[in-house]
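# Per-entry structural report
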Amino acid sequence: MKRTNILAICGFGATGLFSSCTEQVQKQARPNIIFIMSDDHAYQAISAYSDKLVQTPNIDRIARQGVLFRNAFVTNSICGPSRAVILTGKYSHINGFKDNSGRFNGEQPTLPKILKDNGYVTAIVGKWHLESEPTGFDYWDILPSQGHYYNPGFINMGRDTVYKGYVTDIITDRAIDWIKKNRSKPFFMMLHNKAPHRNWMPPIKYLKEFNDVHFPLPKNFYDDYKGRVALQLQKITVGKHMSVTYDSKVPCDTCIEDPVNKWAPGEWEAEYGRLTKEEKLAWEKGMESETIEFSKIKNKDDLAKWQFQRYMEDYLRCIKSVDDNVGKVLDMLKETGLDKNTIVIYTSDQGFYLGEHSLFDKRFMYEESLRTPLMVYSPNSKSAGKVNTDFVMNLDIAPTLLDFAGIKIPVDMQGASIKPFVNGETISDWRKEVYYHYYEKSFGLTRHYGIRTDKYKLIHFYNPVDTWELYDLQTDPSEMNNIADFPDRQDIVKELKIRLKDLQVKYKDEMEE
Ligand code: CA
């Protein structure tokens with residue numbers, strides 16, 4: 001190993017070389033960092049959090065050897081904005097990337113830039129989704145925009161290219177390849193999966209996985225949205241807003257698409273068109289039973305239930321492949337000995353609804369998309385297998401990784417280091433509440449901001465509708481009863497509004513309603 005060699009050379013060192021050797025050894029001792037982030041991976045679909053839906057033995061290894069965070073939240077539950085928050089350690093209104101129509105300003109200070117300036121070699125492979133070219137990376141090999149599942153195009157250091165194969169395998173293999181070639185310096189690798197983002201196209205080897213499994217509907221699948229106007233306006237429900245062709249991947253000439261999905265049939269043609277002749281044959285064979293089931297559907301409720309089953313099957317088939325590939329990374333680290341000096345993080349850019357409130361997407365401040373999976377392995381930590389319940393956020397990732405690297409955290413970063421939690425320690429005066437602000441109005445969404453404490457969640461929907469929602473998370477964890485207008489709750493509404501305002505001042509979020 002190169003690391004051992006340097007130590008050995010320094011040990012025998014000529015006196016004149018001593019100081020540079022010491023410096024080199026110090027740099028070498030800095031941990032490598034592998035940041036694995038999947039796109040739209042719900043914590044409900046990781047067995048370290050809940051084993052009701054799927055087994056993820058490899059992702060669970062990170063939790064077992066590291067720390068699992070049960071209360072990890074995002075500031076703005078949608079792909080691009082979450083990535084910008086992670087890169088900058090700042091809220092969307094500060095880093096400038098508020099919704100997916102944005103373009104990230106790569107001139108601003110970012111985590112990879114700071115690591116690079118301090119001697120790290122930096123790389124990103126996979127989903128980027130920030131439109132501007134990556135900055136601060138020695139190597140980048142990214143999917144353009146959302147990217148594709150099969151035989152995907154990539155932009156490799158500015159050059160358009162197409163790789164043969166399945167996207168999750170390609171991203172992992174290319175990231176491993178880069179790590180093996182760049183391990184002589186401390187490295188920072190952002191391995192960003194496209195999966196399991198919509199339209200949830202599984203690899204061919206898993207097309208028959210879960211065929212014998214019946215996934216029960218979440219208990220609030222038939223939510224009537226009473227007292228919650230913003231939910232009544234959204235267009236992201238399993239029953240009404242999933243496309244039979246694009247989402248469930250079954251041919252249907254007579255299906256009428258909801259207007260929100262008018263692009264879906266054409267998009268399916270384009271996605272399916274990327275498969276090779278052999279892949280198409282295997283795909284058709286793999287999807288035979290789904291096509292037969294669809295032909296037996298008689299009414300709208302049957303259709304909604306079938307769409308839910310199809311959604312769960314394909315989503316979890318994608319997860320199986322993500323888990324396999326996480327296993328490849330962990331095995332490589334062990335085989336090379338890099339596991340002794342490499343921090344490994346697994347997370348998602350946000351949470352995701354798996355049929356709760358009948359939804360299939362993210363965006364809302366309700367629990368399933370506000371929370372994100374987060375687990376951190378640190379080789380020197382004595383807290384293997386611990387579960388942490390402090391309120392941590394994606395805002396904290398940049399400060400945390402700088403802390404692990406022994407680099408001063410810029411004062412204008414709005415998150416804080418959770419390194420002590422990873423080491424099994426406590427942090428005095430840690431945050432007791434989370435501030436959230438979502439902006440994008442596509443799919444019938446309403447802009448909203450809110451505060452979440454351990455007991456309550458207060459949300460203000462403000463554009464286009466203007467409504468308040470309050471939930472008692474201890475008595476109503478599924479957030480079905482909006483109690484914002486209840487006379488006996490006005491004291492708590494008043495108190496939370498003050499705390500919410502304080503958070504907006506703290507995070508410099510000037511409202512432009
Ligand atoms: Ca996402």
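Figured I'd write up the structure that's included with this text. (Residues numbered from 1 in each chain as written. Predicted model: local features only at pLDDT ≥ 70, side-chain atom pairs only at ≥ 80, totals over all residues. Heavy atoms only, no water.)

Further remarks concern the pattern of salt bridges. Across all of its chains, the model carries 35 salt bridges by this definition. In this structure, Arg363 engages Asp361 in a salt bridge whose closest nitrogen and oxygen atoms are separated by 2.6 Å. Judged on exposure class, the residue Arg363 and its partner Asp361 are both buried. With a shortest N-O distance of 2.7 Å, Lys457 and Glu367 are connected by a salt bridge. On the criterion of sequence distance, the pair formed by Lys457 in strand β15 (residues 456–463) and Glu367 in helix α14 (residues 367–370) is long-range, its members being 90 residues apart. An identical accessibility class is assigned to Lys457 and Glu367; each is buried. Through salt bridges that share partners, Lys249, Glu290, Arg310, Glu313, Asp314 and Arg317 make up one connected network. (Salt bridge = Lys/Arg side-chain N within 4 Å of Asp/Glu carboxyl O. Buried < 20%, exposed > 50% of the residue type's maximum accessible area, 1.4 Å probe, protein only. Helix = DSSP H or I, 4+ residues; strand = E, 2+ residues; numbered from the N terminus.)

Take the packing of helix α7 (residues 167–181) against helix α13 (residues 300–336) next. Axis separation between α7 and α13 bottoms out at 9 Å; the angle between their running directions is 10 degrees. As the angle between them shows, α7 and α13 are arranged roughly parallel. Contacts between α7 and α13 involve Thr168, Asp169, Thr172, Asp173, Ile176, Ile179 and Lys180 on the former and, on the latter, Ser321, Val322, Asn325, Lys328, Val329 and Met332. Partitioned by chemical class, the residues of the contact of α7 with α13 number five nonpolar, four polar and four charged. (Axes fitted to C-alpha atoms, helices over the stretch in contact; angles between N-to-C directions. Parallel < 35°, antiparallel > 145°, perpendicular 65-115°, else oblique. Contact = heavy atoms within 4.5 Å. Nonpolar A, V, L, I, M, F, W, Y, C, P; charged D, E, K, R; others polar.)

The next thing to look at is the sheet that holds strand β16 (residues 467–472). As a general point, the strands of a sheet are linked pairwise by backbone hydrogen bonds and lie either parallel or antiparallel. Taken together, the four strands give an open sheet; going across it, the order is β13-β14-β15-β16, and neighbouring strands pair in antiparallel fashion. Sheet topology places β13 (434–438) and β16 at the edges, where each strand pairs with a single neighbour. The sheet shows a mean angle of 15 degrees between the axes of neighbouring strands, taken without regard to direction. In the sheet, β13 pairs with strand β14 (residues 447–452) via five bridges, with the strands oriented antiparallel. Note that in β14 the partner of Tyr435 across the bridge is Ile451. Set on the sheet, helix α17 (residues 490–506) makes contact with β13, β14, β15 and β16; between it and β14 the angle comes to about 105 degrees. (Pairing = 2+ DSSP bridges.)

Nonpolar side chains in soluble globular proteins tend to be buried together. In terms of nonpolar packing, the biggest core is built from 112 residues, with Met189, Tyr311, Tyr315 and Phe364 touching the most fellow members. Residue contributions to this core peak at 13 residues, all from α13. By size, the runner-up hydrophobic cluster in this structure holds 41 residues, among which are Val67, Phe137, Met190 and Ile397. (Core = buried A, V, L, I, M, F, W, Y, C linked by side-chain atoms within 4.5 Å.)

Turning next to the packing of aromatic side chains. All told, the structure shown has 28 aromatic pairs when counted by the stated rule. With a centroid separation of 4.6 Å and an interplanar angle of 45 degrees, the aromatic rings of Tyr91 and Tyr507 are classed as tilted. Taken as a pair, Tyr91 in the loop between α4 (79–88) and α5 (92–95) and Tyr507 in the segment after α17 lie far apart in primary sequence, 416 residues in all. The exposure class of Tyr507 is buried, given its relative accessible area of 3%. Taken together, a centroid distance of 5.6 Å and an interplanar angle of 25 degrees make the contact between Trp268 and Tyr272 stacked. Placement of the pair is Trp268 and Tyr272 together in helix α10 (residues 264–272), with a separation of four residues, close to one helical turn. Take Trp268 and Tyr272: they sit in the same class, and that class is buried. Among the aromatic residues, those joined into a ring-pair cluster are Tyr149, Tyr150, Tyr166, Trp268, Tyr272 and Trp283. It is Lys497 that lies over the ring of Trp468; its NZ or CZ is 4.3 Å from the centre. (Phe/Tyr/Trp six-rings, centres within 6.5 Å; stacked < 30°, edge-to-face > 60°. Lys NZ or Arg CZ within 6 Å of the ring centre and 35° of its normal.)

Coordinates in, geometry out; function isn't part of it.
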